[in-house]
Amino acid sequence: MSSPQLVVALDVPDPARSAALVERLAPLGVIFKIGYEAYYGHGQSIKNALRAAGASYALDLKLHDIPRTVEAAVHAIVEPGVRLITVHALGGAAMLEAAVQAAHEQAATCSMPVPDVYAVTVLTSLAVEDLGELGLSGGPGENAIRLAALARDARCAGVVCSVREVPDLKAFFGTEFGTFCPGIRPAGSAHGDQKRAATPREAREAGADYVVVGRPIVDDRDPVGAARAILEELAA
Ligand code: C5P
């Protein structure tokens, strides 16, 4: 089993700080995750920093709209360096297929590897009552599996999920179906708002493909040291 790929979530409001983190961490072979805060706040400057460092990144923009609009968005956001993009499985089969198709087309246009499309199934902030209000019967677990099947059938490369869900997802959909896992905390570090955190070692043992870590690296006084320690645990 290969080690999971470490993904550093660049959730910082300050473009200069993002750029410094990219410059220092890219040589370790990590990839980066750009979410709403960085993309909408200082997207161009962070993309410049990533390009200068030759770094790959995941664009966690959780696209969710009608198929034609998502297709156009994927054409607009995929450029060299983009390794992975996220979409909401609740956008439906046609929207997921449009995203995957557009990722292939845009990669061909840019002569770059095709970025993987990963689907968000059920947001971890939603409880069973919230799902009921949305008209979804059943709990988060069964909805997540149903939506993962929809994503797999639409040729998405995998799903965003917690480490705890990885073994079941791999058992249902096969080891090739990818897992992109936030909520990782090295043993002994603060959990912050992550309620069901897993350690890097647990992520490796569960077979996670991508391990997403934000605050334990970007808020550490020594981000390079923190990232190195996690990489060692992932490779052990
Ligand atoms: O700082 P931390 O390691 O908690 O960052 C985790 C990253 O993963 C954040 O960018 C957060 O938005 C994202 N994420 C998450 N839980 C999910 C989906 C995404 O923490 N269920």
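Worth saying up front: this structure is predicted, and the values here are computed from it rather than measured.

Inspection of the region around the ligand gives Ala9, Asp11, Lys33, Thr124, Pro182, Arg185, Gln194, Val212, Val213, Gly214, Arg215 and Pro216 as its neighbouring residues. In the model, an oxygen atom of the ligand is placed 2.6 Å from a nitrogen or oxygen of the Asp11 side chain. Interatomic distance of 2.9 Å between a side-chain N/O atom of Thr124 and a nitrogen atom of the ligand. Looking at the shell around the ligand, the elements that each hand over two or more residues are β8 (210–213) and α9 (215–218). Of the residues that constitute the shell around the ligand, the class distribution is five nonpolar, three polar and four charged.

What follows is about the sheet that holds strand β7 (residues 178–181). Strands pair in a sheet through their backbones, by hydrogen bonds, and they do so in one of two ways: parallel or antiparallel. Taken together, eight strands build a closed barrel; the order of strands is β1-β2-β3-β4-β5-β6-β7-β8 and the barrel is parallel. Between one strand axis and the next, the sheet turns through 25° on average, direction left out of account. Pairing geometry for strand β3 (residues 57–63) and strand β4 (residues 82–88), over four bridges, is parallel. Bridge pairing in β4 places Leu63 opposite Val87. Along the sheet, helix α2 (residues 36–53) makes contact with β2 (31–34) and β3, crossing β3 at roughly 155°. Of the strands in this sheet, β3 and β4 touch helix α3 (residues 67–77), which is tilted by about 160° from β3.

This part takes up the nonpolar core. Formed by 70 residues in total, the largest nonpolar core has its most connected members in Leu6, Leu25, Phe32, Leu59, Val74 and Ile217. Ignoring any residue separated from it by four or fewer positions in sequence, one finds Ile217 in contact with Leu6, Val8, Leu25, Pro223, Ala226, Ala227 and Ile230.

Once that is clear, we can look at the pattern of salt bridges. This model, assessed by the stated rule, comprises eight salt bridges. Residues Arg17 and Asp219 are paired through a salt bridge, measuring 3.1 Å at the closest nitrogen-oxygen approach. Of the two residues, Arg17 is situated in helix α1 (residues 15–25) and Asp219 in the loop between α9 and α10 (223–235); the sequence distance between them amounts to 202 residues. For Asp209, the salt bridge goes to Lys170, with nearest N and O atoms at 2.6 Å. Placement of the pair is Asp209 in the loop between α8 (200–206) and β8 and Lys170 in helix α7 (residues 166–173), with a sequence separation of 39 residues. Using a relative accessible area of 12% as the deciding quantity, one classes Lys170 as buried. If you follow the salt bridges from partner to partner, you end up with Lys33, Asp60 and Lys62 in one network.

The rules we used
- Residues numbered from 1 in each chain as written.
- Predicted model: local features only at pLDDT ≥ 70, side-chain atom pairs only at ≥ 80, totals over all residues.
- Heavy atoms only, no water.
- Near = heavy atom within 4 Å.
- Polar contact = N/O pair within 3.5 Å; in protein donor to acceptor, adjacent residues only side chain to side chain.
- Helix = DSSP H or I, 4+ residues; strand = E, 2+ residues; numbered from the N terminus.
- Nonpolar A, V, L, I, M, F, W, Y, C, P; charged D, E, K, R; others polar.
- Pairing = 2+ DSSP bridges.
- Axes fitted to C-alpha atoms, helices over the stretch in contact; angles between N-to-C directions.
- Contact = heavy atoms within 4.5 Å.
- Core = buried A, V, L, I, M, F, W, Y, C linked by side-chain atoms within 4.5 Å.
- Buried < 20%, exposed > 50% of the residue type's maximum accessible area, 1.4 Å probe, protein only.
- Salt bridge = Lys/Arg side-chain N within 4 Å of Asp/Glu carboxyl O.

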